[in-house]
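Breakdown of the fold
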Amino acid sequence: MVRTAAFAAAGITANLAPAAWAAPASASPAAPAAEHLRAAAPEPLPLRTDRHSQGDILAGFRKDHACLLFLHFRDAGKARRWLNRLLPSISTTEEVARFNKAFSKARRRAGGIDPASMSGLWTGLSLTHPGLRLFAGREPFPAAPAGSNAEAFTQGAAARARDLGDTGTSAPQSWLFGAEEPGRAVHAVLTVAADDPERLATAVAGHRDAAVEAGATVLFRQDGATLPGKLRGHEHFGFADCISQPGVRGFDEPDPATGTTVLGKPGTRLIPAGEFVVGPERVGQRPTALPAWATGGAFQVVRRLAQDVPGWWTQVALRLAELQRAGSAPADAGREWLGARMMGRWPGGMPVALCPAAERLPKPGEDPDATLDYSADPHGWRMPLFAHIRKGNPRGGLVLTPGRPPLAQAELDGRRLMRRGIPYGPVYDPDLGTDHGPEASRGLLFVCHQADLVGQFELVARKWLNETDFPPGRNPRTGADPVLGPDSPCAFETPSESGSRADTLYFGRFVRTEGAVYAFSPSLPVLRALATGELDDSIEFHTGSVLRAGDVLDAGKVRLTLDSAGDLVLLDGEGRRRWHSDSGGAGQNAVFTQDGELVLRTAEGRPAWSSGTTGHPGARLLLRPAGELVIVDGDRVLWKASAS
């Protein structure tokens, strides 16, 4: 019971543990079309050839220059025509992945220098809840149960700001975008990224003119660019950024020696693709409970985070002096010594846990996180428990109950984010003039993609980064993340004769939220449907997902669940049983197989009941709001149960 409570406090639930049964990565669709499934299945890395999902989600645009336009439309018809004209320019996973692979190969041949002959221009589109409703002409979710992704997405970032720590000067009242009145809400976020700033400017001007011609208002324009010179690849505080990205099963090549890490990156675990794109396998084969229009897409979080560079580094110097007076830091340590412990990395990218005394720059081709693991450092003596990278990704060192063994890294795989941020504003260097001084606007445009808005981004921000009691149960408390978190006292622990000694350091907030949006990046087939005002709001139960006792798929007027008696049950809006599978109480869980069959299984994995529809690879299982549970192959209904 103690362990279960600790899991809940940290935002981890038992159903995240991988089940004994697992579908192969190619068993679930990355896009709604069945023909795409059949074409991709034989590929060793099927997601690399996906022409339906948008390219920034898994492949990443990875350009030096980017621009985001936040758009509001006044006329649905004009908006749909605009979308139809935009569709050919939207970049897919296949084309972005192919370019990135060729670019990386050419860069290695050139000794680490970007090939001047290769230049790309990428375009991505995401829609907010008001945007989906505008294009579809109706509510996109048949139901929004409490605590669900549908609820979070429908409410939007501004309504959930307080729970995420966006208060005071970070409150929505001061945002530049994302907190507009209903009549001016953000409908779409158009992302354009390029290697060449002039090419980007030309493309953005064209997109802006097209949007205005369609009657849209550009509510805000956010430009971003890789920092120049020695800060290239770094954020404004001076630390290398976006080093620790998750590997994706079915997209990144596995290391044959382990099978669980990315080839050439021994510190990068392979995560099931369904944690980032709705539809494929997820950790523990959990059902998404999302509508069919979400398949092949991902939730996108966009946040403008202003950074007070001189204020942050002044604070670092003051706290370092306190530690030195207490004898807990070397007398000759510079401010980078503590700054690295707050971030978790030295400015060059090496984790402080691997070289605590002084910075060591990574060797060419070296994976800085190759041997990074916190399981042997439960008190944070080498990497503080409050360090930014440790709070955001506890790896193998998360101890939920003091004195107990840490969790395995696999138990945290379902909490990773695919980050696609980029800095904005000039570097801080007053010697270059007032445009580079403390008054200039600068910071990080934080962008991340995930399949579970609540269980990934919101959980990491709310229960990990901002929570002072995470890791839980320590005395004194660990404190919040000193880089992104709220004002907080933090426990800086060092070894002593009696065990662990803690010095309390108070960190103020020097990163301010200036805008935030929750959006969704639909697949290309769904965007084409939206261009005609169509949207399939059936709840989809994806291939390879497992429905366990207590799980509920909610389509508003009808719900599908596995009841305590071991039967699949359809309930109407009043909770009355309208259909059940009649398994004789033997059902333990239900799965929709790659061959198109709904199977209720016993505890031993044997069929207790099935739909009898095997032999239809690419079929889909949908819970329709009208009250039907159907298995379809294209337009053909193979099996149906009704709650009417």
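See above for the structure.
Attention in this report is confined to the structure presented alongside it. (Residues numbered from 1 in each chain as written. Predicted model: local features only at pLDDT ≥ 70, side-chain atom pairs only at ≥ 80, totals over all residues. Heavy atoms only, no water.)

**Re the overall build of the chain**
Across its full length, the chain carries 13 helices and 26 strands. Projecting the C-alpha coordinates of the chain onto the three principal axes gives extents of approximately 75 × 65 × 50 Å. Split into buried and exposed, the 644 residues of the chain put 57% on the buried side. For the chain, the proportion of contacts with a sequence separation of at least 24, taken over those separated by at least 6, is 65%. Of the roughly 26,000 Å² of accessible surface on the chain, 51% is carried by carbon and sulfur atoms. Of note, the chain has its 71 positive side-chain charges centred 1 Å away from the centre of its 71 negative side-chain charges. (Helix = DSSP H or I, 4+ residues; strand = E, 2+ residues; numbered from the N terminus. Buried < 20%, exposed > 50% of the residue type's maximum accessible area, 1.4 Å probe, protein only. Contact = heavy atoms within 4.5 Å. Areas by Shrake-Rupley, 256 points an atom, 1.4 Å probe, with all protein chains shown as cover. Lys, Arg positive; Asp, Glu negative; His and termini not counted. Charge placed at Lys NZ, Arg CZ, Asp CG, Glu CD.)

**Side note on empty space enclosed by the protein**
All chains considered together, the criterion is met by seven cavities of 30 Å³ or more. Space inside the largest cavity adds up to approximately 850 Å³. Every residue lining the largest cavity is counted, 40 residues in all, and those nearest its centre are His 388, Arg 419, Phe 446, Leu 465 and Leu 484. For the lining of the largest cavity, the secondary structure elements donating two or more residues are β8 (298-307), α11 (388-392), β11 (443-450), α12 (453-465) and β14 (511-521). Along the lines of polarity and charge, the residues of the lining of the largest cavity split into 21 nonpolar, eight polar and eleven charged. (1 Å grid on protein atoms, 1.4 Å probe; cavity = no way out; pocket = protein on both sides within 12 Å on 5 of 7 lines; lining within 4 Å. Points joined across faces, edges and corners; volume = space filled by probe spheres on them. Nonpolar A, V, L, I, M, F, W, Y, C, P; charged D, E, K, R; others polar.)

**Focus on a positive patch on the surface**
Residues Arg 74, Lys 78, Arg 81 and Arg 85 make up a contiguous surface patch of positive charge. The topology assignment puts Arg 74 in the loop between β1 (65-72) and α4 (76-86). (Patch = residues over 30% accessible without salt bridge, like charges linked within 9 Å, V, L, I, M, F, W, Y side chains within 5 Å. Salt bridge = Lys/Arg side-chain N within 4 Å of Asp/Glu carboxyl O.)

**A few points about the side chain of Asp 56**
With respect to the element layout, Asp 56 can be found in helix α3 (residues 55-58). The charged side chain of Asp 56 is buried without a salt bridge, its nearest counter-charge being Arg 420 at 4.1 Å. A polar atom in the side chain of Asp 56 sits 2.8 Å from the backbone nitrogen of Phe 61. Each residue touching Asp 56, except ones within four places of it in the same chain, is listed here: Phe 61, Arg 420 and His 449. (Polar contact = N/O pair within 3.5 Å; in protein donor to acceptor, adjacent residues only side chain to side chain.)

**Some details on the packing of aromatic side chains**
Applying the stated criterion across every chain, the model contains 25 aromatic pairs. Ring centres 6.4 Å apart and planes at 40° place the aromatic pair Phe 386 and Phe 492 in the tilted group. A residue pair is termed long-range when its members are at least 10 positions apart, and Phe 386 in the loop between α10 (335-343) and α11 and Phe 492 in strand β12 (residues 488-496) qualify at 106 residues. Exposure class is identical for Phe 386 and Phe 492. Each is buried. (Phe/Tyr/Trp six-rings, centres within 6.5 Å; stacked < 30°, edge-to-face > 60°.)

**As for unusual backbone geometry**
Residue Pro 471 is reached from Phe 470 by a cis peptide bond, and omega for that bond is -5°. Its location among the elements puts Pro 471 in the loop between α12 and β12. Between Asn 475 and the following residue, Pro 476, the backbone shows a cis peptide bond with an omega angle of 5°. Relative to the helices and strands, Pro 476 resides in the loop between α12 and β12. Of note in the backbone geometry, Asp 582 takes a positive phi value of approximately 55° without being a glycine. With respect to the element layout, Asp 582 can be found in the loop between β20 (577-580) and β21 (589-592). Assessed through its relative accessible area of 57%, Asp 582 is described here as exposed.

**Looking at the nonpolar core**
In this structure, Phe 73, Trp 82, Leu 125 and Leu 530 are the most contacted members of the largest nonpolar core, which totals 92 residues. Considering each element in turn, this core owes the most residues, six residues, to helix α9 (residues 309-325). Beyond its immediate sequence surroundings of up to four residues, Leu 530 is in contact with Arg 80, Leu 83, Leu 127, Leu 132, Phe 135, Ala 136 and Leu 535. Listed in part, the 34 residues of the second largest apolar core include Leu 47, Ala 97, Val 189 and Phe 276. (Core = buried A, V, L, I, M, F, W, Y, C linked by side-chain atoms within 4.5 Å.)

**With respect to α4**
Those residues of α4 not exposed but buried are Ala 79, Trp 82, Leu 83 and Leu 86. One side of α4 carries all its buried residues, which in axial view fall inside an arc of 100°. The opening residue of α4, the one whose side-chain oxygen lies 3.1 Å from the backbone nitrogen of Gly 77, is Asp 75. (Arc of directions from axis to C-beta.)

**Concerning the environment of Ala 240**
Checked against the element boundaries, Ala 240 lands in the loop between β4 (217-225) and β5 (247-248). Once residues within four sequence positions are removed from consideration, Ala 240 is found in contact with Gly 233, His 234, Pro 347, Gly 348 and Gly 349.

**What to know about the pattern of salt bridges**
Applying the stated rule across the entire model yields 33 salt bridges. Note that Asp 64 is salt-bridged to Arg 232, the shortest N-O span being 3.1 Å. Linking Asp 64 in the loop between α3 and β1 with Arg 232 in the loop between β4 and β5, this pair joins segments that are 168 residues apart in sequence. Here Arg 232 falls in the partly exposed class, since its relative accessible area comes to 40%. Across the pair Arg 269 and Asp 413 runs a salt bridge, and its minimum N-O distance is 2.8 Å. Residue Arg 269 is found in strand β7 (residues 265-271), and its partner Asp 413 is found in the loop between α11 and β9 (418-419); the two are separated by 144 residues along the sequence. With relative accessibility at 22%, the residue Arg 269 sits in the partly exposed group. Within this structure, Asp 64, Arg 107, Asp 114 and Arg 232 form a network of salt bridges that share partners.

**Overview of the packing of α4 against helix α6 (residues 129-136)**
To characterise two packed helices, one gives the angle between the axes of the helices and the distance between these axes. For the pair α4 and α6, the least separation of the axes is 8 Å and the interaxial angle reads 95°. In terms of orientation, α4 and α6 fall into the roughly perpendicular class. For the pair α4 and α6, contact is made by Ala 76, Ala 79, Arg 80, Trp 82 and Leu 83 and by Leu 134, Phe 135 and Ala 136, respectively. For the contact of α4 with α6, the class distribution of residues is seven nonpolar, no polar and one charged. (Axes fitted to C-alpha atoms, helices over the stretch in contact; angles between N-to-C directions. Parallel < 35°, antiparallel > 145°, perpendicular 65-115°, else oblique.)

**Re the side chain of Asp 413**
Among the residues examined, Asp 413 registers a relative accessible area of 7% and is labelled buried. Side-chain polar atoms of Asp 413 contact the side chain of Arg 269, separated by 2.8 Å. Each residue touching Asp 413, except ones within four places of it in the same chain, is listed here: Arg 269, Leu 270, Ile 271, Glu 275 and Val 283.

**Regarding helix α8 (residues 197-213)**
When the terminal C-alpha atoms of α8 are compared, their 24 Å separation across 17 residues agrees well with the 24 Å that a helix rising 1.5 Å per residue should span. Restricting attention to buried positions, one finds in α8 the residues Leu 200, Ala 203, Val 204, His 207 and Ala 211. For α8, the angular spread of the buried residues around the axis is 100°, confining them to a single face. Residues Glu 198, Thr 202, Asp 209 and Glu 213 are exposed on α8 and point more than 90 degrees away from its buried face. Each element contacted by the buried residues of α8 is listed here: β1, α4, β2 (121-127), β3 (188-194) and β4. Capping of α8 at its N-terminal end is provided by Asp 196; its side-chain oxygen lies 3.0 Å from the backbone amide nitrogen of Glu 198. Remark: Gly 215 follows α8 within two positions and exhibits a positive phi of approximately 85°. (Expected span 1.5 Å × (residues − 1).)

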